[in-house]
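# Secondary and tertiary structure notes
Residues per chain, in single letters:
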Amino acid sequence: TRVRLARNLKQYPFPARATDKQREAVEQKVKDALLSGNSILSKEFRFLPLESASEEEAVSLVERHIVSPEFISDRRGKAVLISEDESISIMINEEDHLRIQVLREGLSLKEAAETADRIDTLLSETEFAALTETVSQKVTELCRDLAAGKIDIEPMKTRDRSACTYCQYKAICR
C-alpha cells in the first residue's frame, strides 16, 4: 500500500516552472524546517540532496520505490528525506514542493494514510502553515473515505447535462 500527500509553498512557483535558484530556495527552506533540532524528523530521517547522489544510488532509490523515476530525471534543486526503515520518504521539488510518501505491506491503507497525515500535521506545526492543498491530498481523502465505506452519490453536473444521462444505474439511483 502506498499513500502520497503533496504540499506546496504559497510563495514559490511549482517546481516545473521554478528557476534553479527558486528550487534551491525551496530545498533549503524545507531542509531547515524539517531538520531543525526541534523536529522529530531530524533524528529519524536522513537527508539526501539528489545532485550529490550517484547514478547508481538514484536508480536504486527508484527500484526500492522510495522516489519516482521522474524525480531522478533532473536532479537540480531536489532532495529526499528517507526514514531509517525506508517506509517513509519526503521528496522535495518533485511535481510539488513536498511529496510525502508512506509505504506499508499488504492492504494497510488506513495505517499508511494515518502515518502520512501525522507527518503532514507535524510539518504544518513547524514552518508549513502556509502550505496549500493539492489534488493528491483530495485523492488521498477520497481513498480514505472509500476504505471506510463512505461512497456518496454525487455525479458530475454541468449547466446542460449530467453524468446520470449516460449511467446504466439511473433507474435505481436516488
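Conventions adopted
- Residues numbered from 1 in each chain as written.
- Predicted model: local features only at pLDDT ≥ 70, side-chain atom pairs only at ≥ 80, totals over all residues.
- Heavy atoms only, no water.
- Helix = DSSP H or I, 4+ residues; strand = E, 2+ residues; numbered from the N terminus.
- Buried < 20%, exposed > 50% of the residue type's maximum accessible area, 1.4 Å probe, protein only.
- Contact = heavy atoms within 4.5 Å.
- Core = buried A, V, L, I, M, F, W, Y, C linked by side-chain atoms within 4.5 Å.
- pLDDT = per-residue confidence, 0-100.
- Pairing = 2+ DSSP bridges.
- Salt bridge = Lys/Arg side-chain N within 4 Å of Asp/Glu carboxyl O.

Let us look at the overall build of the protein. Counting secondary structure elements, the protein contains 6 helices and 6 strands. Of all 174 residues assigned to the protein, the portion counted as buried reaches 39%. For the protein, long-range pairs separated by at least 24 residues make up 58% of all intrachain contacts whose partners lie at least 6 apart in sequence.

All right, on to the nonpolar core then. Ranked by size, the top nonpolar core spans 21 residues in total, and within it Ile90 and Ile92 carry the most contacts. Only strand E1 (2–9), helix H1 (20–34), strand E2 (45–49), strand E3 (79–83), strand E4 (88–92), strand E5 (98–103) and helix H5 (109–125) provide two or more residues apiece to this core. The biggest single contributor to this core is H5, with 5 residues. When sequence neighbours within four positions are dropped, the list of residues in contact with Ile92 reads Val26, Glu27, Val30, Phe47, Phe71, Gly77, Lys78, Ala79, His97 and Leu98. In this structure, Leu50, Ala53, Val62 and Ile66 belong to the second largest nonpolar core, which totals 13 residues.

Interpreting fine coordinate detail is not advised for predicted regions of low pLDDT. Per-residue pLDDT for the protein averages 81, and the proportion of residues at 70 or more is 86%. Within the protein, the element-level pLDDT minimum falls on strand E6 (residues 131–133), averaging 42, and the maximum on helix H3 (residues 55–63), averaging 93. Contacts of residues 127–135 to residues separated by more than four positions or lying in other chains number 24 contacts, the stretch itself having pLDDT below 50.

Moving on, we get to the pairing of E4. Within E4, 5 of the 5 residues are buried, which leaves it mostly tucked inside the rest of the structure. Inspection of the sheet shows E3 paired to E4 by 4 bridges, in the antiparallel sense. Considered in E4, the bridge of Ile82 is made with Ser89. The antiparallel pairing of E3 with E4 creates a hairpin that spans 4 residues between the two strands, and Glu86 there sits at a positive phi of about 65°. When E4 meets E5, the two strands line up antiparallel, connected through 5 bridges. Residue pairing in the sheet places Ile92 in a bridge with Leu98 of E5. Between the end of E4 and the start of E5, which pair antiparallel, lie 5 residues, with Asn93 showing a positive phi angle near 70°.

Moving on, we come to the environment of Thr140. Residue position: Thr140 is located in helix H6 (residues 135–147). Through-space distance from the C-alpha of Thr140 to that of Arg4 is 7.2 Å; in sequence the pair is 136 residues apart. Leave out the neighbours within four places in its chain, and Thr140 touches Val3, Arg4 and Leu5.

It is possible for side chains bearing opposite charge to pair when their charged atoms get close. In the structure shown here, the tally under the stated rule is 11 salt bridges. A salt bridge links Glu94 to Arg4; its shortest N-O distance comes to 3.2 Å. Pair noted here: Glu94 is in the loop between E4 and E5 and Arg4 is in strand E1, with a separation of 90 residues, a long-range link. Per residue, the accessibility class of Glu94 equals that of Arg4, and both read buried. In this structure, Asp96 engages Arg99 in a salt bridge whose closest nitrogen and oxygen atoms are separated by 2.7 Å. Sharing partners across several salt bridges, the network here consists of Arg4, Glu94, Glu95, Asp96 and Arg99.

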